[in-house]
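One-letter residues, chain by chain:
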Amino acid sequence: MNDLAAILTPEYISVILLPALIAGVAVSLCASLLGVSLVLKRCSMIGDGLSHVGYGTLCIAIALGWAPMKVTIPVVILAAYILLRLSENSRLGGDTAIALFSTSALALGILASSKANLTTDVSHYMFGSILAMTRSDVIFSVVLSICVLLVYLLFYDKIFAVTFDENFARATGLNVRFYNLLIAVLTAVTVVLGMMMMGALLISSLMIFPAVTAMRLNKRFRGVVLTAVIVSVSCFLTGLVLSLWLDTAVGASVILMNLLVFAVSSAISVLRGVRRA
Amino acid sequence: MAYIQCENLTLRYESLVVQQNLSFSVEKGDYLCIVGENGSGKSTLVKCLLGLKQADGGSLTFGDGLKRNEIGYLPQQSMIQRSFPASVREVVLSGCVSRTGLHPFYTKADKARAQEQMECLNITALADRCYRELSGGQQQRVLLARALCATKKLLLLDEPLTGLDPLVSAELYGILRHIHDDHGITVIMVTHDVECAVRHAKSILHIGKNENFFGSCEAYEHSPLGRRFLGDSIAQEQCTHCEQSRHPHIPIRHGGGKGAQA
C-alpha cells in the first residue's frame, strides 16, 4: 500500500496526475454514452472487435515507424463501417463476422510487431498506460472527446429513435444508415482514445459496464444515459485513486470498480423486484 | 389517383419468389385488411410498402398527396425490444423524429402533438411509466400513438393483435374504428384473423400461395377463397373478439365497402 501523501507531490499532480485525470474523465464520458446505444442495439461486440482492429493497426504503424494515432483512427473508423455492413448483410451473423474480421486484424498486427521486435512499446496499448500519456496525447483525447460529446448531444433524439426501433425510424424517412454509421464512427474514435488509457483488452468493458448498470436502475432512456455517465466517471475517479493507493494497474482497477457498482445495482434492482412482488 | 397503387408486384423472400402479379390499390379513406397464410409474403409486402425493401418486379406508386415517409407504422411486437428502458412519453415522441428535419431537438409543436396523441389514446396517465412494464394492450396503444405522431394520413399495422386477449383485441379494433371514422385516417392492417377482418374492414386483400383476392369484404365472403377461409358458419356467427366485447365503438359490420375484384 502506498502512502498517498508521499506520492502526491505538487509536481506529480500537475505533470502526471492532472492530465491523466482530464483525459480519463473525457474518455469515460464518451465511452458510457456510446455504450448505452451499443448495448441496447445488441452490438456490444463491435466495441471489442474495434479494439482488436485498433491494436493490430497500432502494432503495424509502430513497426513501420508511422505516427500511431493518426494511422489508427482512420483505419478503425473504416473498420467500424465494414463491421456494421457485415453485421447487416452477412450470412455468418454479426458476431461471427466481427470475430473473424477483428482477430484477423489483430493477427496481422502481432505478426508485424513480432517481426520488428516491438514487444515493450506495443504492450502499453495492450494494458493501457494512462499515467504515461504525453501532453499532446491528452490534448488530442480531450478535443476528440468534446467532438464526440457534441455530436452525441446534437443527435440525441435521432439516436434514441434509431436505437429503440430501427424499422420504424427508417419507415418515417430517417436516414438510419447514416445514424448507424455515426454511432460506429463515434465508437471507433472512443475505442482508440480509450486504448491509450485503458488498454485494448479492457476498453470495451468501459463502454458496456456503465450502460448495463444504468439499465438496472432506470426506466427512462434519459435516466439511463445520465446514470451511465455518472457511474462511468465516478468509477474512473475512484479506480484511479485506488490504483495509486494500492499500487495496482489503473485500467484494471477502474474496471473492477465498475464490476462492483454493477453488482450493487443488480442487487438493488432484484430487491426492488422482490418488494414489488 | 389512389394513395397506393401496386401493379404486378413480385415479392421475394430471400431467394424464394413468394408472390407474382400482385395488384391492388389503397384509396384515401380505405380500411384494408391484408390476410393470408404464413409464408405468403405479407411481411415482405409490408416492408416494400414502407420502403425497407425493394420489390423484385412490378410497380408500387404513391399518389393523392401521400408520400412514402408519411405512413404511420405499427410493427409486430416481436420487432420491438422488450427490455428497452424508455418512458411512454419518450417512445411516443420518437414518432415525430422525422418531422424535426435538420432541427436537432423536438420542438414545442412536436411535444404538443405527442401529448395530443396520448390523450386521444387515453394513455396520458402512463406517460412517465416504463414502456417495458406495460401490459400488451397498453404497449400497443403507445405504439399506435407513436405511429399517429408520424402520420396524418395512413396507418399500417403489422399483426397488431398477436398475443393480445380477445377483450384487448376488441378494444384495439374500437380504437382503430375511431381513428378511421373520426380522424379520417386510412388504415391498412395485416392480420391472421380473417373473421374479424371482414367485420371491420372495407376491403380485403388475401394473398395466398397460389391465388390472391382483392376486393370488398362482401365480395370476399362470396368468393371461393373467402368461403374456404371463413367457413360457411360465418354468416350466422359473430367473431369471438366482437362477441366478447361490449365496446360501444364497435359496430358489427356485414361486408359492404368499395373496391373491385382483382
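Calculation notes
Residues numbered from 1 in each chain as written. Chains lettered and ligands numbered in written order. Predicted model: local features only at pLDDT ≥ 70, side-chain atom pairs only at ≥ 80, totals over all residues. Heavy atoms only, no water. Helix = DSSP H or I, 4+ residues; strand = E, 2+ residues; numbered from the N terminus. Rg over C-alpha atoms; globule rule 2.2 N^0.38 Å. Buried < 20%, exposed > 50% of the residue type's maximum accessible area, 1.4 Å probe, protein only. Contact = heavy atoms within 4.5 Å. Lys, Arg positive; Asp, Glu negative; His and termini not counted. Charge placed at Lys NZ, Arg CZ, Asp CG, Glu CD. pLDDT = per-residue confidence, 0-100. Phe/Tyr/Trp six-rings, centres within 6.5 Å; stacked < 30°, edge-to-face > 60°. Lys NZ or Arg CZ within 6 Å of the ring centre and 35° of its normal. Pairing = 2+ DSSP bridges. Patch = residues over 30% accessible without salt bridge, like charges linked within 9 Å, V, L, I, M, F, W, Y side chains within 5 Å. Areas by Shrake-Rupley, 256 points an atom, 1.4 Å probe, with all protein chains shown as cover. Salt bridge = Lys/Arg side-chain N within 4 Å of Asp/Glu carboxyl O. Polar contact = N/O pair within 3.5 Å; in protein donor to acceptor, adjacent residues only side chain to side chain. Core = buried A, V, L, I, M, F, W, Y, C linked by side-chain atoms within 4.5 Å. Domains from an automatic or database assignment. 1 Å grid on protein atoms, 1.4 Å probe; cavity = no way out; pocket = protein on both sides within 12 Å on 5 of 7 lines; lining within 4 Å. Points joined across faces, edges and corners; volume = space filled by probe spheres on them. Nonpolar A, V, L, I, M, F, W, Y, C, P; charged D, E, K, R; others polar. Axes fitted to C-alpha atoms, helices over the stretch in contact; angles between N-to-C directions.

Draft legend 1. Here's a closer look at the overall build of chain A. Along the backbone of chain A there are 13 helices and zero strands. Along chain A, helices and strands appear, N-terminal first, in the series α-α-α-α-α-α-α-α-α-α-α-α-α. For 277 residues, the compact-globule estimate of 2.2 N^0.38 gives 19 Å, and chain A sits close to it at 19 Å. Across its three principal directions, the C-alpha atoms of chain A cover 55 × 50 × 30 Å. Split into buried and exposed, the 277 residues of chain A put 52% on the buried side. The contacts in chain A between residues at least 6 apart in sequence include a share of 77% that link residues at least 24 apart. If the 17 positive side-chain charges of chain A are averaged to one point and the 11 negative ones to another, these points end up 13 Å apart.

Draft legend 2. Quick peek at the confidence of the model for chain A. Summing up the model confidence of chain A, the mean pLDDT is 88 and the portion of residues at 70 or higher is 96%. Looking at the elements of chain A, mean pLDDT is at its lowest for helix H6 (residues 119-127) of chain A, recorded as 74, and at its highest for helix H12 (residues 221-246) of chain A, recorded as 95.

Draft legend 3. View of the packing of aromatic side chains. Per the stated rule, a full pass over the model turns up 13 aromatic pairs over all chains. Their ring planes at 40 degrees and their centres at 5.7 Å tell us that Tyr156 of chain A and Phe221 of chain A sit as a pair that is tilted. Here Phe221 of chain A lies in helix H12 and Tyr156 of chain A lies in helix H8 (residues 156-164), a separation of 65 residues in the sequence. Each member of the pair, Tyr156 of chain A as well as Phe221 of chain A, carries the same accessibility label: buried. Taken together, a centroid distance of 5.7 Å and an interplanar angle of 90 degrees make the contact between Phe164 of chain A and Tyr131 of chain B edge-to-face. One end of the pair, Phe164 of chain A, is in helix H8; the other, Tyr131 of chain B, is in the loop between helix H3 (108-120) and helix H4 (136-150), on a second chain. Phe164 of chain A sits in the buried class, given a relative accessible area of 1%. Ring pairing ties together the aromatic residues Tyr156, Phe160, Phe164 and Phe221 of chain A together with Phe84 and Tyr131 of chain B, which thus form one cluster. We note Arg146 of chain B situated over the ring of Phe168 of chain A; from NZ or CZ to the ring centre the distance is 3.7 Å.

Draft legend 4. Spotlight on the pairing of strand S2 (residues 16-26) of chain B. Residues and elements named next belong to chain B. As judged from the seven bridges shared by strand S1 (residues 4-13) and S2, these two strands associate in the antiparallel manner. If you follow Tyr13 over to S2, its bridge partner there is Leu16. Joining the antiparallel neighbours S1 and S2 is a turn of two residues, in which Glu14 adopts a positive phi near 50 degrees.

Draft legend 5. Molecular detail of helix H11 (residues 203-217) of chain A. In terms of burial, H11 of chain A is largely enclosed, as twelve of its 15 residues are buried. Here H11 of chain A has its buried residues at Ile203, Ser204, Ser205, Leu206, Met207, Phe209, Pro210, Ala211, Val212, Thr213, Ala214 and Met215 of chain A.

Draft legend 6. Molecular detail of a positive patch on the surface. Together, Arg220 and Arg222 of chain A together with Lys108 and Lys111 of chain B line one region of the surface with positive charge. Among the secondary structure elements, Lys111 of chain B is positioned in helix H3.

Draft legend 7. Summary view of unusual backbone geometry. Phi at Asp247 of chain A is positive, roughly 60 degrees, even though this residue is not glycine. On the secondary structure map, Asp247 of chain A appears in the loop between H12 and helix H13 (250-276).

Draft legend 8. The side chain of Ser145 of chain A, seen in detail. Residue and element names in this part refer to chain A. One can find Ser145 in helix H7 (residues 135-154). There is a polar contact of 2.6 Å between the side chain of Ser145 and the backbone oxygen of Ser141. The contacts of Ser145, once residues within four sequence positions are left out, are Ala26, Val27, Cys30 and Leu193.

Draft legend 9. Local environment of the nonpolar core. With 136 residues, the main nonpolar core has Leu50 and Phe221 of chain A together with Val92, Ile123, Leu144, Leu155 and Ile204 of chain B as its most contacted residues. For this core, the element with the most residues is helix H10 (residues 176-198) of chain A, which contributes 15 residues. A domain split of this core shows at least three residues from each of domain 1 (1-66 + 153-262) and domain 2 (82-152) of chain B. If sequence neighbours within four positions are ignored, Ile204 of chain B has contacts with Leu32, Cys33, Val35, Ala197, Val198, Phe213, Phe214, Gly215, Cys217 and Tyr220 of chain B.

Draft legend 10. Representation of the pattern of salt bridges in the model. Throughout the structure, instances matching the rule amount to ten salt bridges over all chains. The partner of Lys219 of chain A in a salt bridge is Glu133 of chain B, and the shortest N-O contact between them spans 3.4 Å. Taken together, the positions of Lys219 of chain A in the loop between H11 and H12 and Glu133 of chain B in the loop between H3 and H4 put the pair across two chains. The exposure class of Glu133 of chain B is partly exposed, given its relative accessible area of 35%.

Draft legend 11. Broad picture of the layout of surface pockets. A volume near 750 Å³ is recorded for the largest pocket. Taken together, 27 residues form the lining of the largest pocket, with Leu84, Ser87, Glu88, Glu166 and Asn180 of chain A sitting closest to its centre. Of all the secondary structure elements, the ones that give two or more residues to the lining of the largest pocket are helix H3 (44-63), helix H4 (68-89), helix H5 (94-115), helix H9 (166-171) and H10 of chain A. With five residues, the single largest contributor to the lining of the largest pocket is H10 of chain A. Classifying every residue of the lining of the largest pocket gives eleven nonpolar, seven polar and nine charged. The volume enclosed by the second largest pocket comes to roughly 410 Å³. Tyr13, Ser43, Thr44, Lys47 and Lys53 of chain B are the residues nearest the centre of the second largest pocket, which is lined by 16 residues in total. Ranked by residues supplied to the lining of the second largest pocket, first place goes to helix H1 (residues 42-50) of chain B with four residues. Its residues assigned to classes, the lining of the second largest pocket shows two nonpolar, seven polar and seven charged.

Draft legend 12. Seen up close, the sheet that holds S2 of chain B. Residues and elements named next belong to chain B. The antiparallel open sheet is built from three strands, whose spatial order is S2-S1-S4. Only two strands of the sheet have a single partner each, and these edge strands are S2 and strand S4 (57-62). Across the sheet, the mean angle separating the axes of adjacent strands is 30 degrees when strand polarity is ignored. Two elements, S1 and S4, share five bridges in a ladder whose sense is antiparallel. By the bridge assignment, Cys6 is partnered in S4 with Leu60.

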